[in-house]
Each structure stands twice: as C-alpha cells, then as structure tokens.
Amino acid sequence: MEIKMKTVSNLAAALALCVVLVSFILNAAGLARIDMTDALKAGGFVKAVFLPVDVSLWIMNIFGGKSGSGTAAGIALRDENNA
C-alpha cells in the first residue's frame, strides 16, 4: 500500500484541528487549563511541518507536473505540432 504525501499532509491538518478543538473542549468543560495561544501554536506547528508538501502540490498544479496529457491545470502547451 502506497501512502501519498498529500494524504499525510491532510492528516496533519486534521490532527492540528483536533489539537485545537480538544484543547478548547477541555477548557470549556473545566477539565484542564490549556492556554489557547499554546494550543494554536501547537496546531500551527503540526500543519507548518507539512507546508513544503502543500507548496509543492500548488506548484505542480499551477505549472504542470508529471501529467502526460500535455495540459497543466487546463492550460494547453505549445509544441511543434500545434505552433
């Protein structure tokens, strides 16, 4: 089974959201006293670790990646056949 980095990045975003939400719920219920700025920093750090993956995906979508169809994000590329 192959795990793609896009999936890992999405899971990191979900984990970051869970960290913040669980901290908020624990504070609201009075079960723990977690500073929300610390929770936001921790969640932001978890997501920031995977920002290079997101940026590389954006670049591939904008400038075209390994698509063999000759189009990149709906942009036709010119070559000697269609010049």
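Refer to the structure printed above.
Residues numbered from 1 in each chain as written. Predicted model: local features only at pLDDT ≥ 70, side-chain atom pairs only at ≥ 80, totals over all residues. Heavy atoms only, no water.

Colleague: Outline the side chain of Asn27, supporting the account with residue identities and numerical values.
Modeller: Along the polypeptide, Asn27 turns up in helix H1 (residues 5–29). A polar atom in the side chain of Asn27 sits 2.5 Å from the backbone oxygen of Ile34. Setting aside chain neighbours within four positions, we find Asn27 in contact with Ala32, Arg33, Ile34 and Met36. (Helix = DSSP H or I, 4+ residues; strand = E, 2+ residues; numbered from the N terminus. Polar contact = N/O pair within 3.5 Å; in protein donor to acceptor, adjacent residues only side chain to side chain. Contact = heavy atoms within 4.5 Å.)

Colleague: Could you give an account of the pattern of salt bridges, with specific residues and numbers?
Modeller: Two side chains of opposite charge can pair, provided their charged atoms sit close to one another. The tally for this structure, following the rule as stated, stands at 2 salt bridges. With a closest N to O distance of 4.0 Å, Lys4 and Glu2 form a salt bridge. Residue Lys4 is classed as exposed on the basis of its relative accessible area of 53%. A relative accessible area of 66% means that Glu2 is categorised as exposed. Here Asp54 makes a salt bridge to Lys47, at a shortest N to O gap of 2.7 Å. By relative accessible area, Asp54 is classed as buried at 11%. (Salt bridge = Lys/Arg side-chain N within 4 Å of Asp/Glu carboxyl O. Buried < 20%, exposed > 50% of the residue type's maximum accessible area, 1.4 Å probe, protein only.)

Colleague: Help me get a handle on H1, residues and values and all.
Modeller: Helix length check: H1 (25 residues) gives 36 Å between terminal C-alpha atoms against 36 Å at 1.5 Å per residue, within 8%. Every buried residue of H1 is accounted for by Ser9, Ala12, Ala16, Val20, Ser23 and Asn27. As for H1, its buried residues are in contact with helix H2 (36–48) and helix H3 (51–63). Directly after H1, the chain includes Gly30, whose backbone phi takes a positive value near 80°. (Expected span 1.5 Å × (residues − 1).)

Read these as geometric descriptors, not functional statements.
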